[in-house]
Amino acid sequence: MFENLDLLPPDPILGLLAAYGEDPNPGKVDLGIGVYKDEKGDTPIMAAVKKAQEMYLAKETTKTYVGPAGDERFNAAIGELLFGKDHAVIKDARLATIQTPGGCGAVRMAAEFIKRSNPEVTVWVSNPTWANHMPLLGDSGLRIEEYPYYDYQAHCIRFEEMVSTLKGAGSDAVVLLHGCCHNPCGADLNRDQWQVISEMAVTQGFLPVVDIAYQGLGDGIAEDAFGTRLLADTVPELIVASSCSKNFGLYRERTGSVNLIMRNTKQLRASQSQMLSVTRGVYSMPPAHGASIVECILNDTELSKLWAIELSQMCDRINDLRRLLVRKLRAKGTNADFSFIEAEKGMFSFLGISPEQVHRLKNEFSIYMLDSSRINVAGINHSNIDYLVDSLHQVF
Ligand code: LMR
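Residues numbered from 1 in each chain as written. Predicted model: local features only at pLDDT ≥ 70, side-chain atom pairs only at ≥ 80, totals over all residues. Heavy atoms only, no water.

J.: What exactly am I supposed to notice about the pairing of strand 7 (residues 173-178) here?
T.: For a regular strand, side-chain orientation follows a simple rule: the groups alternate between the two sheet faces. Most of strand 7 sits inside the fold, with six of its six residues counted as buried. As paired elements, strand 7 and strand 8 (residues 207-212) share five bridges and run parallel to each other. Considered in strand 8, the bridge of valine 175 is made with proline 208. Considered for its hand, the β-α-β crossover made up of strand 7, helix 8 (residues 191-204) and strand 8 is right-handed. (Buried < 20%, exposed > 50% of the residue type's maximum accessible area, 1.4 Å probe, protein only. Helix = DSSP H or I, 4+ residues; strand = E, 2+ residues; numbered from the N terminus. Pairing = 2+ DSSP bridges. Right-handed = clockwise from strand over helix to strand, strands pointing away.)

Here is the structure:
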C-alpha cells in the first residue's frame, strides 16, 4: 500500500534544529527555530508558569474529558487578552474562543472551517510568510495565493503593492495577516496601514484571518494586539488564531485558540457549532495541561502581573539584542547597512544575505539560520554575539 511513497526532505525549520543538535562544535550558534532563549541560551519555564502549574496540580481533581471547545475559563481569559476586557465583541456576544492544540491547530481549524462553508475561496498569504502556513492552509484543500509584503532590498513592507494586489482579490477572498512580529521578516504593519487594510476588508468584503503567535514580544501586550483589535472593531466577520507557545513559553504543551467573531450572536452560535464539529472530527478535544496553566495565570492577579513582567523582560531583551547587533555590525565596518533590524519586531529578521553566505555560516562557523537568512534574534547572547559578528563579517 505504501511502496510508492517518496522520501520527503526534512521540514526547513525542524530539519535545521536536528542538524544543529548533531553539530559537535561547542561554539555552535542556533538562530534557527523560533524559540525564546535567555542569556545562557536556555529556554526556561517562566516563573509564573511554574507557580501556576503547582497551583493547578494541587487543585486538579479529575482527568475526565474537557469537551471539544476546551477549557471555558481559558477561552474567556484568552478572549480578553486578545481583544481587551471591555471590547464590544465580548460584550455583544459576537466572540467565540475555542481552545486548540497550539497556534498550528488554530490555523488548521480555521482553514477547515472556512473550507466547510466556502470550499472555493482563495486564501491570500503574505510573501513571505511562515513556511508552515502553506501546509496548514493548503492541505485543507483551500487555494492559496500570495500578496507582496516584504521588500528584501529596501527592508520594508511593499504596502502599495500589497494593497493593489488585495484590491484585485475581490470579495470572495480570505486574507491572512500576521497580528504582530511578522514571521519571518519582523516587519509589521504600522497603525495607518492596519487602518487601510481594515477599511478595505469592510468595503471590499474579504475575510481577514489574523495569526497572532507573538503577542507581547514586539512592543507590549496591548500594543501588539492593535491590528487585531482594530479589525474586531471594524469588520463584521473575523477569525483569529492565537498561540501561547511563545508568550507563555508553553511550546510542547500545544496551547492555542481559534477565535470566531461573527455579525451577530445567532450567526456565532451556528459557526461555533460547525467549528466544534470540525475539531471533533479532527482531534476530538484539545490537550488540557497548557490551557489550565494559562487559565490559572490570567485569572490570578498576582500571577498575571508576574507573567506580564517576565514577558516584558523577554521583549526588552530581544529589542536590546537588536540594537546591540546593529551597533556591533556597524562598528565592525561590515559592508552592508543592518539598521533595519533595529526597527523590526519580535523574534525574527532576515539578515538579507544570500543562501551561499548562509551555508558558509553553517558549514564553516556552525551558525544556523534558515536559508532565507531568517534569524531568531533571541538566539543571540553576550557570549556569542562577537563570534556572530566576526563570522558574518568574514562571509561578506
Ligand atoms: C518558527 O517559525 O521557527 C516557529 O514558529 C516554530 C515552528 O514550528 O516552525
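J.: When you look at the sheet that holds strand 2 (residues 95-100) in this model, what are you seeing that I'm missing?
T.: Pairing between sheet strands relies on hydrogen bonds along the backbone, with the strands arranged either parallel or antiparallel. Across the sheet, seven strands lie side by side as 2-10-9-8-7-3-4; this open sheet has mixed pairing. With one partner strand each, in any of the chains shown, strand 2 and strand 4 (143-148) form the two edges of the open sheet. Across the sheet, the mean angle separating the axes of adjacent strands is 25° when strand polarity is ignored. Two elements, strand 3 (residues 122-127) and strand 7, share three bridges in a ladder whose sense is parallel. Across the sheet, residue tryptophan 124 finds its bridge partner in strand 7, namely valine 175. Strands in contact with helix 7 (residues 159-167) are strand 3, strand 4 and strand 7; relative to strand 4, the strand with the most contacts, it is inclined by about 145°. (Axes fitted to C-alpha atoms, helices over the stretch in contact; angles between N-to-C directions. Contact = heavy atoms within 4.5 Å.)

J.: Please clarify how the side chain of serine 257 should be interpreted in this entry.
T.: Within the element layout of this structure, serine 257 appears in strand 10 (residues 256-261). Classification of serine 257 as buried rests on a relative accessible area of 0%. Beyond its immediate stretch of four places on either side in the chain, serine 257 contacts Phe74, Ile78, Leu82, Thr97, Ile98, Gln99, Thr100, Ala106, Val240, Ala241 and Ser242.

J.: Sorry, what's going on with the site of the ligand here?
T.: Neighbouring the ligand are Ile13, Ile33, Gly34, Trp130, Asn183, Tyr214, Lys246, Phe348 and Arg374. The separation between an oxygen atom of the ligand and a polar main-chain atom of glycine 34 is 2.7 Å. Between the ligand and the protein, one listed contact pairs an oxygen atom with a side-chain N or O atom of arginine 374 at 2.8 Å. When isolated, the ligand has an accessible area of 270 Å², and the protein chains bury 81% of it. Residue contributions to the shell around the ligand reach at least three from each of two domains, namely domain 1 (12-45 + 316-395) and domain 2 (65-299). (Near = heavy atom within 4 Å. Polar contact = N/O pair within 3.5 Å; in protein donor to acceptor, adjacent residues only side chain to side chain. Areas by Shrake-Rupley, 256 points an atom, 1.4 Å probe, with all protein chains shown as cover. Domains from an automatic or database assignment.)

J.: Before we go on, may I ask you to explain the domain arrangement of the protein chain in this structure?
T.: You'll often see interface size given as the accessible area lost when the parts meet. Taken domain by domain, the protein chain holds domain 1 (12-45 + 316-395) and domain 2 (65-299). Between the C-alpha centres of domain 1 and domain 2 there is a distance of 28 Å. With 18 residues of domain 1 at the interface, the matching set in domain 2 holds 20 residues. Buried area between domain 1 and domain 2, summed over both chains or domains, comes out near 1,500 Å², and the portion from carbon and sulfur atoms is 63%. Three residues stand out in domain 1 for area buried against domain 2, namely Lys345, Phe348 and Phe350, and they jointly supply 39% of the buried area on that side. Across the contact surface, domain 1 and domain 2 share one salt bridge. One salt bridge in this structure joins lysine 345 and aspartate 219, with 3.0 Å as the shortest N-O distance. Here domain 1 is connected to domain 2 by seven residue pairs in polar contact (both at pLDDT 80 or more). When contributions to the side of domain 1 that touches domain 2 are tallied by element, the ones reaching two or more residues are helix 1 (12-22), helix 13 (301-332) and strand 11 (348-350). At three residues, strand 11 tops the list of elements feeding residues into the side of domain 1 that touches domain 2. (Buried area = accessible area lost by both parts, 1.4 Å probe. Salt bridge = Lys/Arg side-chain N within 4 Å of Asp/Glu carboxyl O.)

J.: Hey, could you run me through unusual backbone geometry in this one?
T.: Peptide bonds are mostly trans, and most non-glycine residues show a negative phi. Omega for the peptide link from asparagine 127 to proline 128 comes to 10°, which places this bond in the cis form. You can see proline 128 is positioned in the loop between strand 3 and helix 6 (133-138). A cis amide bond, omega 25°, links asparagine 183 with the succeeding residue proline 184. Mapping proline 184 onto the fold places it in the loop between strand 7 and helix 8. Of note in this structure, cysteine 181 is not a glycine but carries a positive phi near 50°. A positive phi angle, near 55°, is found at serine 366, a position not held by glycine. Following the sequence through the fold, serine 366 ends up in the loop between helix 15 (355-365) and strand 12 (367-368).

J.: Explain the pairing of strand 2 here, please?
T.: With six of six residues buried, strand 2 lies mostly within the body of the structure. Burial along strand 2 is two-sided: the face carrying Leu95, Thr97 and Gln99 and the face carrying Ala96, Ile98 and Thr100 are both buried. In this structure, strand 2 lies alongside strand 10, joined through six bridges in antiparallel fashion. The residue bridging isoleucine 98 from the neighbouring strand is valine 258, located in strand 10.

J.: Just to check I follow, could you spell out the environment of asparagine 381 for this structure?
T.: Within the secondary structure layout, asparagine 381 lies in the loop between strand 13 (374-376) and helix 16 (385-395). Here asparagine 381 falls in the buried class, since its relative accessible area comes to 7%. Apart from residues no more than four positions distant in its own chain, asparagine 381 is found in contact with Glu39, Gly41, Arg317 and Leu321.

J.: Explain the pattern of salt bridges to me, please; I cannot follow it from the model alone.
T.: Two side chains of opposite charge can pair, provided their charged atoms sit close to one another. Summed over all chains, the structure comprises 14 salt bridges. Note that lysine 63 and glutamate 60 form a salt bridge whose closest N and O atoms lie 2.7 Å from each other. Looking at lysine 63, the relative accessible area reads 69%, which means it is exposed. By relative accessible area, which is 24% here, glutamate 60 ends up partly exposed. For arginine 108, the salt bridge goes to glutamate 112, with nearest N and O atoms at 2.9 Å. A residue pair is termed a helical-turn pair when its members lie 3 or 4 positions apart in one helix, as arginine 108 and glutamate 112 do in helix 5 (residues 102-117) at four residues.

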